[in-house]
2 protein chains.
Amino acid sequence: MAVKIVTVGEQILGKNEDIARENKKILDKNRILTINIMSSPGAGKTSLIMSTIKAVGKKVRIGVIEGDVASTVDADKIAAMGIPAVQINTAGGCHLEAAWVTKALKDLPLEKLDVLFIENVGNLICTNNYTLGEDIRLMIASMPEGDDKPIKYPAMFADSDVVIISKTDLQPYLDFNETSFLKTVKGLNSDVTILPVSCKTGKGLDAWYQWLEAQVKAKKR
Amino acid sequence: MAVKIVTVGEQILGKNEDIARENKKILDKNRILTINIMSSPGAGKTSLIMSTIKAVGKKVRIGVIEGDVASTVDADKIAAMGIPAVQINTAGGCHLEAAWVTKALKDLPLEKLDVLFIENVGNLICTNNYTLGEDIRLMIASMPEGDDKPIKYPAMFADSDVVIISKTDLQPYLDFNETSFLKTVKGLNSDVTILPVSCKTGKGLDAWYQWLEAQVKAKKR
């Protein structure tokens, strides 16, 4: 499947939140569960999406918007799996904005989707300040990044509905204090769902798929 | 040693590059080798600085400016080692700017320093757009982030004088294609010095210390 590319850098009119609200209306009308995926570079956003497509992509119709500073590497991988994918290149921008998502939505077959993953730019600093029209904010914290990330990037953890701890297969080789990590995250955000996974071994992914399918079902009601 | 904190958010006057040039003059006058350290969150900037202090901190007089979105976690660690450290909290900002470094320099004993490490905000997107007055731009690429980072964040690699590949002790457990990584980095930046290290096992650190000491010596000439 060919990847469509949205170019940004034009004057964005209106406020991000107003535009996000319009995006949400469109997505709600189509009953598409929309998940804004945020993380550091290389924490495993694309790997999580690809594992999910492989595991549940026949039951759940998935579409993907890929946000990146440069390249279409990720969107190409997704499109190669036969999944509708739109690339947004932010031309140096640190985060996705709702107006760019509005454009990307025009290139997706909305009536044929149950889930839309929006892979945000790899950045723990400002991505959480821009709502895009999503139902769920999912953050991936990669275990090799260390257990102090919630202390150093508290807003990201406070603003997320789900925190996925990725690369847990590396835990035996890391000094990652899981108790301290979980305590800090829960302190910032007592309602957050925390799911540890390894896309390499598959450990923990079933819990994620079950959680996702339950959310899809709820959105269809 | 108590950590001093620079608060930002005030109106920054003048252009970043002009201010950076003024910083460089001050640092040159004091013959301080200044290294701007950039990376993703959790790639090991503070670990590299701490290892370096332990290994060469008696021969080479080190000072540190720590840039973070929130917290003084890193500066506290450095100060606990008896090293002059100033924390810049960017109040949500994605990168350090030269004007904040100017302020931080006022809180450092410049006449007593050979090296100044400026630990930038953990971010691969815009940190490289703001010179701070440094002699050397050093980027840390953490192996668990994957070998595709130079493709996805090309400007960071193109603008660096040194690329340190960190967490190499994890290599046996990762699908990191080192040949492909090195090829892409050299394609973006043929002059770059690449140093693979593990702060956990110490492997590769001697080469880094030697490189650093040679640069300090050259700066004193």
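Look above for the structure.
Note that the structure is predicted; figures quoted are calculated from it, not measured. (Residues numbered from 1 in each chain as written. Chains lettered and ligands numbered in written order. Predicted model: local features only at pLDDT ≥ 70, side-chain atom pairs only at ≥ 80, totals over all residues.)

This next bit is on the overall build of chain A. Scanning chain A from terminus to terminus reveals eight helices and eight strands. Against the compact-globule benchmark of 17 Å for 221 residues, chain A has a radius of gyration of 16 Å, which places it among compact chains. Projecting the C-alpha coordinates of chain A onto the three principal axes gives extents of approximately 45 × 35 × 35 Å. A separation threshold of at least 6 residues defines the contact pool for chain A, and within that pool the share at least 24 residues apart is 78%. (Helix = DSSP H or I, 4+ residues; strand = E, 2+ residues; numbered from the N terminus. Rg over C-alpha atoms; globule rule 2.2 N^0.38 Å. Contact = placed C-beta atoms within 7 Å.)

Residue and element names in this part refer to chain B. Running from N to C, helix H1 (residues 16-29) and helix H4 (residues 98-105) point in directions that differ by 30°, and their axes come no closer than 8 Å. The angle between the axes of H1 and H4 places the two elements in the roughly parallel class. You can see that H1 and H4 cross each other, and the crossing is left-handed. Residues Asn16, Ile19, Ala20, Glu22, Asn23 and Ile26 of H1 touch H4, and the partners they reach there are Ala98, Ala99, Val101, Thr102 and Leu105. Across the contact of H1 with H4, the residue classes break down as seven nonpolar, three polar and one charged. (Axes fitted to C-alpha atoms, helices over the stretch in contact; angles between N-to-C directions. Parallel < 35°, antiparallel > 145°, perpendicular 65-115°, else oblique. Left-handed = near helix turned anticlockwise from the far one by under 90°. Nonpolar A, V, L, I, M, F, W, Y, C, P; charged D, E, K, R; others polar.)

Let us now look at the relation of the copies chain B and chain A. Least-squares fitting of chain B to chain A yields an RMSD of 0.0 Å, with the transformation described by 0.0 Å of translation along the axis and a rotation of 180°. Given the turn and translation reported, the copies of this chain are related as if by a two-fold rotation axis. The share of interface residues of chain B whose copies in chain A are also at the interface is 100%, consistent with both copies meeting through the same surface. (Least-squares fit on C-alpha atoms with pLDDT ≥ 70 in both.)

The interface is formed by 29 residues belonging to chain B together with 29 residues belonging to chain A. Tallying contributions element by element places helix H5 (residues 149-152) of chain B first for the side of chain B that touches chain A, with three residues. Per-class residue counts for the side of chain B that touches chain A are 15 nonpolar, eight polar and six charged.

Here the focus is helix H8 (residues 205-220) of chain A. Since one α-helical turn is 3.6 residues long, residues separated by three or four positions face the same way. All names here are of chain A. Taking 1.5 Å as the rise per residue, H8 with 16 residues should run 22 Å; its terminal C-alpha atoms sit 23 Å apart, in good agreement. Among the residues of H8, Leu205, Trp208 and Leu212 are the ones counted as buried. On an axial view of H8, the arc spanned by its buried residues comes to 60°, and they lie on one face. Exposed positions of H8 whose direction lies more than 90 degrees from the buried face are Asp206, Gln210, Ala214, Lys217 and Ala218. Packing partners of the buried residues in H8 comprise helix H2 (45-56), strand E7 (162-166) and strand E8 (193-196). (Expected span 1.5 Å × (residues − 1). Buried ≥ 20, exposed ≤ 12 C-beta atoms within 10 Å, placed from the backbone. Arc of directions from axis to C-beta.)

One finds Val101, Phe117 and Ile118 of chain A together with Val101, Phe117 and Ile118 of chain B to be the most contacted residues of the largest nonpolar core, which totals 124 residues. When near neighbours in sequence (up to four residues on either side) are disregarded, Val101 of chain B contacts Asn23, Ile65, Leu96, Ile118, Leu132 and Gly133 of chain B. (Core = buried A, V, L, I, M, F, W, Y, C linked by C-beta atoms within 7 Å.)

Residue and element names in this part refer to chain B. Examined bridge by bridge, strand E7 (residues 162-166) and strand E8 (residues 193-196) share four bridges and lie parallel to one another. Residue pairing in the sheet places Val162 in a bridge with Thr193 of E8. The parallel pair E7 and E8, bridged by helix H7 (residues 178-188), forms a crossover whose chirality is right-handed. (Pairing = 2+ DSSP bridges. Right-handed = clockwise from strand over helix to strand, strands pointing away.)

This paragraph deals with the packing of H2 of chain A against H8 of chain A. Residues and elements named next belong to chain A. Taken N-terminus to C-terminus, the directions of H2 and H8 make an angle of 75°; their axes are 11 Å apart at the nearest point. With respect to their mutual orientation, H2 and H8 come out roughly perpendicular. Counted together, Ser51, Thr52, Ala55 and Val56 of H2 and Leu205, Tyr209, Leu212 and Glu213 of H8 form the full contact between these two elements. Classifying every residue of the contact of H2 with H8 gives five nonpolar, two polar and one charged.

It is worth spelling out the environment of Lys24 of chain B at this point. Its place among the elements puts Lys24 of chain B in helix H1. The spacing of Lys24 of chain B and Thr102 of chain B is 78 residues in sequence and 9.7 Å in space, taken between C-alpha atoms.

Following the sequence through the fold, Ile140 of chain A ends up in strand E6 (residues 136-142). Ignoring any residue separated from it by four or fewer positions in sequence, one finds Ile140 of chain A in contact with Ile37, Ser39, Ala43, Gly44, Lys45, Leu48, Ile164 and Ser166 of chain A.

As a rule of thumb, non-glycine residues mostly have phi less than zero, and peptide bonds are mostly trans rather than cis. In this model, Ala91 of chain A sits at a positive phi of 50°, which is unusual for a non-glycine residue. Assignment of secondary structure puts Ala91 of chain A in the loop between strand E4 (85-89) and helix H4 (98-105). For Ala91 of chain A, a count of 10 C-beta atoms within 10 Å corresponds to the exposed category. Although it is not a glycine, Arg31 of chain B sits at a positive phi angle of roughly 50°. Looking at the secondary structure, you find Arg31 of chain B in the loop between H1 and strand E2 (33-39). Its 14 C-beta neighbours within 10 Å are what place Arg31 of chain B among the partly exposed residues.

Residues and elements named next belong to chain B. Counting buried residues along E7, four of its five residues qualify, which places the element largely inside the surrounding structure. Inspection of the sheet shows strand E6 (residues 136-142) paired to E7 by five bridges, in the parallel sense. Residue pairing in the sheet places Met139 in a bridge with Val163 of E7.

Read these as geometric descriptors, not functional statements.
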